[in-house]
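Chain and residue survey
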Amino acid sequence: MSSKTGLTDASISRIVADLKAENLIQETRLTAPYQGGPSAFLTLSKDRHVGAVEFSSGRVHVGVGSLTGEIRFSEWLDLRDDADLETVRATYRRALHQLTDYVHRAGIQLRQIAVSIPGYHEDLRINPIIAIDPANILADIQTAQPGVALLAANSIMTRAVAHQLKLGVALADGPYLYVFVGHGVAAALIDDFAASGDVSPCEIGHMVLDPRGPRCRCGHSGCLEAYVSTAAVAQAIGVREQDLLSMGGRQAGRLKLSARGRGDLATRLVRLGHALGNALNFTPVRRVVVAGWPAELGDQAHGAVLGGIDASLFGGATTVNLAFSNAELGREPAAGLALATYAYLQRGAMRAEELAADIVTDNPAQR
């Protein structure tokens, strides 16, 4: 740890002591996992809580969890992609009421709330994916939970941060492109130990591959998302999208598909590879992690995606390290709660009352 952070062992010891005193972390003593191994383990406190409002997969999810990752409360309401502004606002207000009611009944003080929105950008007043004004959402949440710090972020940042926290330092040997393929499709550049700490979202899902292609929910035609999202794939292979979104444990590999269906999936995965190759032409990064439904197809997906990258990346794909993460589908609101925890810790774990006049609505990784 000291080699990665530039801190001395003595400095780390003092910081740990301060965090214990503030009840932000707690120490657990267990039998050492191996001879000579550690018997004292530090975890975040289970007595501090964060909340999340997550728009994802045709639903709005709300949740409350501890800093340790335990979900204490979770509910969701259906929300169609084509819902109008009034329907969207009425739906998330009902979800927010459920969140607020639970917090009051449980006597919990939230330290941070993360709001995850597909297509979110702080300069766009009206979201191109969901008919919503993010400023109105934040104002409603601030009214319902006064004094709680807020963070609004693009959904891919939510997924990327949750993925990053889950892996810890397992992928800490350089930057990588994280790609999520679910109801929405997007990517983010991640570098665990970059000096700036940036997690940089990029809307790869709305890269136009064919202007004459199928209509995308963003209003354009022929976007990558229109080919490889779970909505597009489910319709093509004749299954319910929610069945794809709830997959796990290589269930996709057990789907009974016709030869035509398997060929269709392969073609879509090659398109994903084309888009990734195009994206990699803009950056020296050559490590790619794909999460979502393709991760459940194993070697079949690996070959198709890598072939697409090879066809579009300058110099070919020989230097590309392509890996797949667990599907990470259906994790809402776990991903949003992970982002809230990340934001809270990035802000120095300040008390809620200290934040009453300092509501945050930007990317904490850029602060």
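Residues numbered from 1 in each chain as written. Predicted model: local features only at pLDDT ≥ 70, side-chain atom pairs only at ≥ 80, totals over all residues. Heavy atoms only, no water.

1. Quick look at the packing of helix H9 (residues 259–280) against helix H10 (residues 299–312)
- Where H9 contacts H10, the two axes come as close as 6 Å, and the packing angle between them is 45°. Between H9 and H10, the angle is such that the two are oblique. Of the two elements, H9 crosses H10, and the hand of that crossing is right-handed. On the side of H9, the interface is formed by Arg262, Ala266, Leu269, Val270, Leu272, Gly273, His274, Leu276, Gly277, Asn278 and Leu280, while H10 contributes Gln300, Ala301, Ala304, Val305, Gly308, Ile309, Ala311 and Ser312.
- In the contact of H9 with H10, the residues fall into 11 nonpolar, seven polar and one charged. (Axes fitted to C-alpha atoms, helices over the stretch in contact; angles between N-to-C directions. Helix = DSSP H or I, 4+ residues; strand = E, 2+ residues; numbered from the N terminus. Parallel < 35°, antiparallel > 145°, perpendicular 65-115°, else oblique. Left-handed = near helix turned anticlockwise from the far one by under 90°. Contact = heavy atoms within 4.5 Å. Nonpolar A, V, L, I, M, F, W, Y, C, P; charged D, E, K, R; others polar.)

2. Overview of the environment of leucine 67
- The topology assignment puts leucine 67 in the loop between strand S4 (59–66) and strand S5 (71–78).
- A residue is classified by how much of its surface remains accessible, and leucine 67, at 5% relative accessible area, is buried.
- Taking the C-alpha atoms as reference, leucine 67 lies 7.7 Å from aspartate 47; in sequence the two are 20 residues apart. (Buried < 20%, exposed > 50% of the residue type's maximum accessible area, 1.4 Å probe, protein only.)

3. With respect to the packing of helix H3 (residues 85–106) against helix H4 (residues 134–144)
- Where H3 contacts H4, the two axes come as close as 11 Å, and the packing angle between them is 25°. In this view, H3 runs roughly parallel relative to H4, as classed from their interaxial angle. The two elements H3 and H4 cross, and the hand of that crossing is right-handed. Contacts between H3 and H4 involve Arg89, Tyr92, Arg93, Leu96 and Thr100 from the first element and Asn136, Ile137, Asp140, Ile141 and Ala144 from the second.

4. Re the sheet that holds strand S8 (residues 176–181)
- The mixed open sheet is built from five strands, whose spatial order is S10-S9-S8-S11-S12. The strands lining the two open edges of the sheet, one partner per strand, are strand S10 (199–202) and strand S12 (321–324). Across the sheet, the mean angle separating the axes of adjacent strands is 20° when strand polarity is ignored.
- Of the pairings in the sheet, the one linking strand S9 (residues 185–190) to S10 comprises four bridges and is antiparallel in character. Pairing of isoleucine 190 across the sheet is with valine 199, part of S10.
- Seen against the sheet, H9 touches S8 and strand S11 (287–292) and runs at an angle of roughly 150° to S8. (Pairing = 2+ DSSP bridges.)

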